[in-house]
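Read off the chains here:
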Amino acid sequence: MLSRISRARALLLCALPVLALLAAAGFAPLPYTIALPGSTADVLGVDKGRQVITITGAPVRETTGQLRMTTIVATAPGADIGLDEVARAWFRTDQAVLPHDSVYPAGKTNQEIEKRNLGQMRASQDSAVAAALGYLGRSDKDVQVKLHLADIGGPSAGLLFSLGVIDKLAGDGEGGDLTGGKVVAGTGTITPDGTVGPVGGVALKTQAAARDGATVFLVPRAECDDALATRPDGMRLVPVTTLKDAVASLKALGDGARVPSC
């Protein structure tokens, strides 16, 4: 014989398993990483007591202005991210919730991830030098370039490295600085032929750039929408697809000419 229970009690009994699952989810780690604006570094200057760009075999110009590469900082690969942290970050413009595997390769140790990131940085530096010297019509047999940037991995500084080499060797080609004396920031991978590629995290990188004084940000064209979503006040977003585009836009900014915008 079945006894009758009230509708309210029935609903409560049905809700209890759901509430239990939600409570468990609140304490269980989730497969996400939380990212924030990271550090920036002027590739025309000094990092950890060493010049970021060292050139031998050719005269090097004194430069003004800055070319700041940008980064994001993410929670550690093994960090446990709870529902409360995800919920808080989701509604903030200075944080981003990213799938863990989109930031860190699955099944890799912290040491393997660090080794991978440093390898990407070295490859990016080689490509950046090749692109810059190719743009200038110079040979690496005559001009030797060494790049140093401590404690930063990944390929996203490629474009800024190339621009830094060009500024130190040739400036704007007319005796002035490629930066026009401004604080210019940006991001983007680069290939030896000068093609600029997307990198991710642009919305956070523009915030890091603004925090450190930049008023111009070079954006891989494919990421313009992301950059516009949280553009800092006063920040000019300049889309680029090649190293040639980036140089031309910086020269136009210095001349007060029209420049593409996101």
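Residues numbered from 1 in each chain as written. Predicted model: local features only at pLDDT ≥ 70, side-chain atom pairs only at ≥ 80, totals over all residues. Heavy atoms only, no water.

**What about the overall build of the protein?**
Here comes step 1: The helix and strand inventory of the protein stands at eight helices and 12 strands.
Here comes step 2: Evaluated residue by residue, the protein yields a buried proportion of 41% over its 262 residues.
Here comes step 3: A sequence separation of at least 24 residues applies to 76% of the contacts in the protein between residues at least 6 apart.
Here comes step 4: Carbon together with sulfur atoms contributes 55% to the accessible area of the protein, which is approximately 14000 Å² in total. (Helix = DSSP H or I, 4+ residues; strand = E, 2+ residues; numbered from the N terminus. Buried < 20%, exposed > 50% of the residue type's maximum accessible area, 1.4 Å probe, protein only. Contact = heavy atoms within 4.5 Å. Areas by Shrake-Rupley, 256 points an atom, 1.4 Å probe, with all protein chains shown as cover.)

**Quick look at the confidence of the model for the protein**
Here comes step 1: The share of residues in the protein with pLDDT of 70 or more is 87%, and the mean pLDDT across the chain is 85.
Here comes step 2: Throughout residues 1-28 the model reports pLDDT below 50, and contacts reaching past four residues in sequence, or to other chains, amount to six contacts. (pLDDT = per-residue confidence, 0-100.)

**Brief notes about helix α5 (residues 158-169)**
Since there are 3.6 residues in each turn of an α-helix, residues three or four apart along the chain are aligned in direction.
Here comes step 1: The end-to-end C-alpha distance of α5 is 17 Å, a good match for the 16 Å that 12 residues give at a rise of 1.5 Å each.
Here comes step 2: Burial analysis of α5 places 12 of its 12 residues in the buried class, the great majority of the element.
Here comes step 3: What α5 keeps buried is the set Gly158, Leu159, Leu160, Phe161, Ser162, Leu163, Gly164, Val165, Ile166, Asp167, Lys168 and Leu169.
Here comes step 4: Phi turns positive, to about 60°, at Gly171, one or two residues after α5. (Expected span 1.5 Å × (residues − 1).)

**Let's talk about the nonpolar core**
Nonpolar side chains in soluble globular proteins tend to end up buried together.
Here comes step 1: Grouped together as the largest cluster of nonpolar side chains are 43 residues, with contacts concentrated most on Leu159, Phe161, Leu163 and Leu218.
Here comes step 2: Of all the secondary-structure elements, those providing two or more residues to this core are β4 (53-56), β5 (66-74), α4 (110-136), β7 (144-147), α5, β11 (216-220), β12 (236-240) and α8 (243-255).
Here comes step 3: Take this core: its biggest share by element is seven residues, from α5.
Here comes step 4: One finds Val183, Ala185, Ala214 and Ala227 within the second-largest nonpolar core, a separate group that totals 10 residues. (Core = buried A, V, L, I, M, F, W, Y, C linked by side-chain atoms within 4.5 Å.)

**Structural notes on the side chain of Ser156**
Here comes step 1: One can find Ser156 in the loop between β7 and α5.
Here comes step 2: Classification of Ser156 as buried rests on a relative accessible area of 15%.
Here comes step 3: Among the polar contacts listed, one links the side chain of Ser156 to the side chain of Lys205, at a separation of 3.4 Å. (Polar contact = N/O pair within 3.5 Å; in protein donor to acceptor, adjacent residues only side chain to side chain.)

**Observations regarding the pattern of salt bridges**
Here comes step 1: Inspection of every chain in the model, using the stated rule, returns five salt bridges.
Here comes step 2: Its salt-bridge partner being Arg92, residue Asp94 comes within 2.8 Å of it at the nearest N-O pair.
Here comes step 3: The structure contains a network of salt bridges with shared partners spanning Arg61, Asp167 and Asp177. (Salt bridge = Lys/Arg side-chain N within 4 Å of Asp/Glu carboxyl O.)

**Comments concerning the sheet that holds strand β8 (residues 183-186)**
Here comes step 1: The mixed open sheet is built from six strands, whose spatial order is β6-β1-β5-β8-β11-β12. Sheet topology places β6 (96-99) and β12 at the edges, where each strand pairs with a single neighbour. Taken over all neighbouring pairs, the strand axes of this sheet differ in orientation by 35° on average, direction set aside.
Here comes step 2: Sheet topology places β5 next to β8; four bridges connect them, and they run parallel. By the bridge assignment, Leu67 is partnered in β8 with Val184.
Here comes step 3: Docked against the sheet, α5 engages β5, β8, β11 and β12, running at close to 160° with respect to β5.
Here comes step 4: The sheet strands contacting α8 are β8, β11 and β12, and the helix crosses β12 at an angle near 145°. (Pairing = 2+ DSSP bridges. Axes fitted to C-alpha atoms, helices over the stretch in contact; angles between N-to-C directions.)

**Focus on unusual backbone geometry**
Here comes step 1: Here the phi dihedral of Lys48 falls at roughly 50°; this positive angle occurs in a residue that is not glycine.
Here comes step 2: Locating Lys48 in the fold gives a position in the loop between β2 (46-47) and β3 (50-51).

**As for the pairing of β5**
Here comes step 1: Here strand β1 (residues 32-42) runs beside β5; their pairing, made up of six bridges, is antiparallel. Its bridge partner being in β5, Asp42 is matched across the sheet by Arg68.

**What about the state of the cysteines?**
Here comes step 1: Evaluation of the coordinates by the stated rule reveals one disulfide.
Here comes step 2: In this model Cys224 forms its disulfide with Cys262; the gap between the sulfur atoms is 2.0 Å. On the sign convention where negative means left-handed, the S-S torsion of about -60° between Cys224 and Cys262 marks this disulfide as left-handed. Of this pair, Cys224 sits in helix α7 (residues 224-229) while Cys262 sits in the segment after α8, placing them 38 residues apart in sequence.
Here comes step 3: According to the relative accessible area criterion, Cys224 is buried, its value standing at 9%.
Here comes step 4: You can call Cys262 partly exposed: its relative accessible area is 26%. (Disulfide = S-S within 2.5 Å.)

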